[in-house]
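# Examining the three-dimensional arrangement
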Amino acid sequence: MTSNCSDILRLKVGHILNKSVGFVSDVQIKEQEFYIASDVYANSLSGNISLTRIHLGILVAGDIEATSSTECGRCLVNHLSTTSASISELYSEHDNEQSQFTIGGNCELDLGPLFRELLLVSEPIQALCCTECKGLCANCGSNLNQSQCECHEDSISKILSIVL
Ligand SMILES: [Zn+2]
Ligand SMILES: [Zn+2]
């Protein structure tokens, strides 16, 4: 089942804003199968986030990790790949030039747009289904992880001759 996660990532932070500077609240995120944003789907998302009260607002810091379906750069088969990102971002209490994120008037801090941005930027350039992926045969196009084609030994010896 898929659900929209934007509600889960919208944190009520009124109680933190009422605390004095230096107060820290930890948030654990562990969700399955949802849209972080309308264009970013995650099969799973986990994170350990700390919310620290500072004079400008709340500092969000921690690490997040998302898994999503990605096409292997070598064999083109879809597989789950993991993307992780570190966070250190100021959510200001009022509009502020130093931060692009603002805590809403209803004391809500929305992590969705931040997570979206981080995960899009951290996307692996060539995600492989596994480090030993044999890819597709350049000759006949068969997936060499699944079967050995006739031309396989040929291409291996070609690769070896290049390496050596
Ligand atoms: Zn592959
Ligand atoms: Zn082949």
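The numbering scheme is per chain: residues are counted from 1 as the chain's sequence reads. Written order decides the labels, with chains lettered from A and ligands numbered from 1. At least 70 in pLDDT is required for a residue's local features to be given in this predicted model, at least 80 for side-chain atom pairs to be given and counted, and no such filter applies to totals for whole chains, interfaces and linings, which use all residues. For the side-chain quantities, the full set of heavy atoms in the structure was used; hydrogens and water were omitted.

All right, on to the coordination of the zinc ion (ligand 1) then. Each metal's donors are the N, O and S atoms found within 2.8 Å of it, except that Na, K and Ca use a 3.2 Å limit; water is left out, so coordination can look incomplete. For the zinc ion (ligand 1), the full set of protein donor atoms is Cys 72 (SG), Cys 75 (SG), Cys 129 (SG) and Cys 133 (SG), at a range of 2.3 Å. Think of it in three bands: residues with accessible area under 20% of the maximum for their type are buried, residues over 50% are exposed, and the middle band is partly exposed, with areas taken using a 1.4 Å probe on protein chains only. Its relative accessible area of 29% is what places Cys 129 among the partly exposed residues.

Before going further, it helps to examine the pattern of salt bridges. Any Lys or Arg side-chain nitrogen located within 4 Å of an Asp or Glu carboxyl oxygen qualifies as a salt bridge. All chains considered together, the criterion is met by 4 salt bridges. In this structure, Arg 10 and Asp 110 form a salt bridge, with 3.9 Å as the shortest nitrogen-oxygen distance. Separated by 100 residues along the polypeptide, Arg 10 in strand β2 (residues 10–12) and Asp 110 in strand β8 (residues 108–110) bring together distant segments of the chain. Judged by its relative accessible area of 35%, Arg 10 falls in the partly exposed class. Overall, Asp 110 belongs to the partly exposed group, its relative accessible area being 24%. Segments assigned H or I by DSSP are reported as helices when at least four residues long, segments assigned E as strands when at least two residues long, and all are numbered from the N terminus.

Here the focus is the pairing of strand β5 (residues 57–71). Following DSSP output, two strands are said to pair if at least two bridges run between them. By the bridge criterion, 11 bridges tie strand β4 (residues 40–54) to β5 in an arrangement that is antiparallel. If you follow Gly 47 over to β5, its bridge partner there is Ile 64. Pairing analysis gives 15 bridges linking β5 to strand β6 (residues 78–92), with the strands arranged antiparallel. Note on β6: the bridge partner recorded for Ile 58 is Tyr 91. Count of turn residues in the β5/β6 antiparallel hairpin: 6 residues, of which Leu 76 carries a positive phi of about 70°.

The element β4 is largely enclosed, with a buried count of 11 among its 15 residues. Of the strand pairs in this sheet, strand β3 (residues 24–37) and β4 are connected by 12 bridges, and their pairing is antiparallel. In the strand pairing of β4, Gln 32 is matched with Ser 44. Hairpin geometry of β3 and β4 is characterised by an intervening segment of 2 residues between the two adjacent antiparallel strands.

The next point concerns unusual backbone geometry. With phi around 70°, Leu 76 is a residue other than glycine that occupies positive phi space. Along the polypeptide, Leu 76 turns up in the loop between β5 and β6. Assessed through its relative accessible area of 47%, Leu 76 is described here as partly exposed. Although it is not a glycine, Cys 107 sits at a positive phi angle of roughly 60°. Among the secondary structure elements, Cys 107 is positioned in the loop between β7 (101–102) and β8.

Here we come to the coordination of the zinc ion (ligand 2). Coordination of the zinc ion (ligand 2) by the protein comes from Cys 137 (SG), Cys 140 (SG), Cys 149 (SG) and Cys 151 (SG), over a distance range of 2.1 to 2.3 Å. Labels for metal geometry use angle windows, namely 85 to 135 degrees for all angles of a four-donor tetrahedral site, and for square planar (four donors) or octahedral (six donors) sites opposite donors over 155 degrees apart plus all others within 65 to 115; sites meeting none of these are irregular. Between the 4 donor atoms coordinating the zinc ion (ligand 2), the angles at the centre fall across 102 to 121°, so the site counts as tetrahedral. The motif formed by the donor residues of the zinc ion (ligand 2), counted along the single chain, is C-x2-C-x8-C-x1-C. Here Cys 149 lies in the loop between α2 (112–121) and α3 (152–163) and Cys 137 lies in the loop between α2 and α3, a separation of 12 residues in the sequence. When sorted by exposure, Cys 137 lands in the same class as Cys 149, which is buried.

As for its placement among the helices and strands, His 79 is situated in strand β6. Any pair of nitrogen or oxygen atoms within 3.5 Å is treated as a polar contact; in protein, a donor-acceptor pairing is required on top of that, and neighbouring residues in sequence qualify only through side-chain atoms on both sides. A polar contact of 3.1 Å, which involves the side chain of His 79, links it to the backbone oxygen of Leu 128. Here a residue-residue contact requires only that any non-hydrogen atoms of the pair lie within 4.5 Å. Contacts of His 79, omitting those with residues within four sequence positions, involve Ser 68, Ser 69, Thr 70, Glu 71, Cys 72, Ala 127, Leu 128 and Cys 129.

Scope: geometric values only; no functional claims are made or implied.
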